Amino acid sequence: MAENTNHDADGSRDQSPPDEAALSARLGSLDHRLSEIRDSRRSKTDQSGTESGDSAARASAMALGFRLSSELIAGVAVGAAIGWGFDRLLSTSPFGFIVLTLLGFVAGVVNVVRSAGVASGKR
């Protein structure tokens, strides 16, 4: 009676060396395939221009910021100019300038809020 010599002290079987070799080979093959997939994805994202996408988003955000700030400044400047003009024509210095500058500021803030999309222009 020949008994199997691959037994532990408690009677359980060990994995035989050919099974471990096959498992290691499969694991190496899987690692190789995964690294190829990662490399191909990296090359696709590099070709699509992730860095240029970040700079484009930053440029778009800066453009929006300049647009909003210019709308606010333009509202105040136009209100102040019209107020100064009324004061010169009607000799009501400084009341027309103060009132129309404040009105221009309010109009500028309303334009900024509308442009930023916080409030809709439809009501």
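Since we're looking at a predicted model, the values are computed, not measured.

What counts and what doesn't
Residues numbered from 1 in each chain as written. Predicted model: local features only at pLDDT ≥ 70, side-chain atom pairs only at ≥ 80, totals over all residues. Heavy atoms only, no water. Salt bridge = Lys/Arg side-chain N within 4 Å of Asp/Glu carboxyl O. Helix = DSSP H or I, 4+ residues; strand = E, 2+ residues; numbered from the N terminus. Buried < 20%, exposed > 50% of the residue type's maximum accessible area, 1.4 Å probe, protein only. pLDDT = per-residue confidence, 0-100. Patch = residues over 30% accessible without salt bridge, like charges linked within 9 Å, V, L, I, M, F, W, Y side chains within 5 Å. Areas by Shrake-Rupley, 256 points an atom, 1.4 Å probe, with all protein chains shown as cover. Expected span 1.5 Å × (residues − 1). Arc of directions from axis to C-beta. Contact = heavy atoms within 4.5 Å.

Undergrad: Mind laying out the pattern of salt bridges, listing which residues take part and the relevant values?
TA: Going through the model one piece at a time under the given rule, you end up with 2 salt bridges. For Asp-39, the salt bridge is made with Arg-42, and the minimal N-O distance between the two is 3.4 Å. Residue Asp-39 and its partner Arg-42 are located together in helix 1 (residues 17-48), separated by 3 residues, close to a single helical turn. Assessed through its relative accessible area of 45%, Asp-39 is described here as partly exposed. Glu-71 is paired through a salt bridge with Arg-67; the nearest N and O atoms lie 3.6 Å apart. Note that Glu-71 and Arg-67 are positioned in helix 2 (residues 50-90) at a spacing of 4 residues, about one turn of the helix. Assessed through its relative accessible area of 43%, Arg-67 is described here as partly exposed.

Undergrad: I'd love a proper account of the confidence of the model for the protein, names of residues and values included.
TA: Taken as a whole, the protein shows an average pLDDT of 82; of its residues, 76% reach a score of 70 or greater. Within the protein, no element has a lower average pLDDT than helix 1, which sits at 85, and none a higher one than helix 3 (residues 95-116), at 94.

Undergrad: Break down a nonpolar patch on the surface for me, with residues and values.
TA: Taken together, the side chains of Phe-105, Val-106, Val-109, Val-110, Val-113 and Val-118 define a hydrophobic patch exposed on the protein surface, amounting to about 480 Å² of accessible area. Among the secondary structure elements, Val-109 is positioned in helix 3. Given a relative accessible area of 33%, Val-109 falls into the partly exposed group.

Undergrad: Hey, could you go over helix 3 for me, with residue numbers and the actual values?
TA: Taking 1.5 Å per residue as the helical rise, helix 3 with its 22 residues ought to reach 32 Å, and the 32 Å between its terminal C-alpha atoms agrees with that figure. Those residues of helix 3 that sit buried are Gly-96, Leu-100, Thr-101, Gly-104 and Gly-108. Summarising the axial view, the buried residues of helix 3 lie within an arc of 115°, below the 170-degree limit, and thus occupy one face. Facing away from the buried side of helix 3 by over 90 degrees, the exposed positions are Phe-95, Val-99, Leu-102 and Leu-103.

Undergrad: Explain unusual backbone geometry to me, and be specific about the residues and the numbers.
TA: At the junction of Ser-93 and Pro-94, the peptide bond is cis and its omega measures out at -10° in the coordinates. Relative to the elements of secondary structure, Pro-94 occurs in the loop between helix 2 and helix 3. Unlike most non-glycine residues, Ser-91 shows phi in positive territory, near 55°. Its location among the elements puts Ser-91 in the loop between helix 2 and helix 3. Overall, Ser-91 belongs to the exposed group, its relative accessible area being 64%.

Undergrad: Report on the environment of Phe-86, specifying residues and quantitative values.
TA: Inspection of the secondary structure assignment puts Phe-86 in helix 2. Overall, Phe-86 belongs to the partly exposed group, its relative accessible area being 43%. Remark: the alpha-carbon pair of Phe-86 and Phe-97, spanning 11 residues in sequence, is separated by 7.6 Å. Setting aside chain neighbours within four positions, we find Phe-86 in contact with Ser-91, Thr-92 and Leu-100.

Undergrad: Give me the lowdown on the side chain of Thr-101, citing residues and values where you can.
TA: With respect to the secondary-structure elements, Thr-101 resides in helix 3. Excluding its chain neighbours within four sequence positions, the residues that come into contact with Thr-101 are Val-76, Gly-79 and Ala-80.

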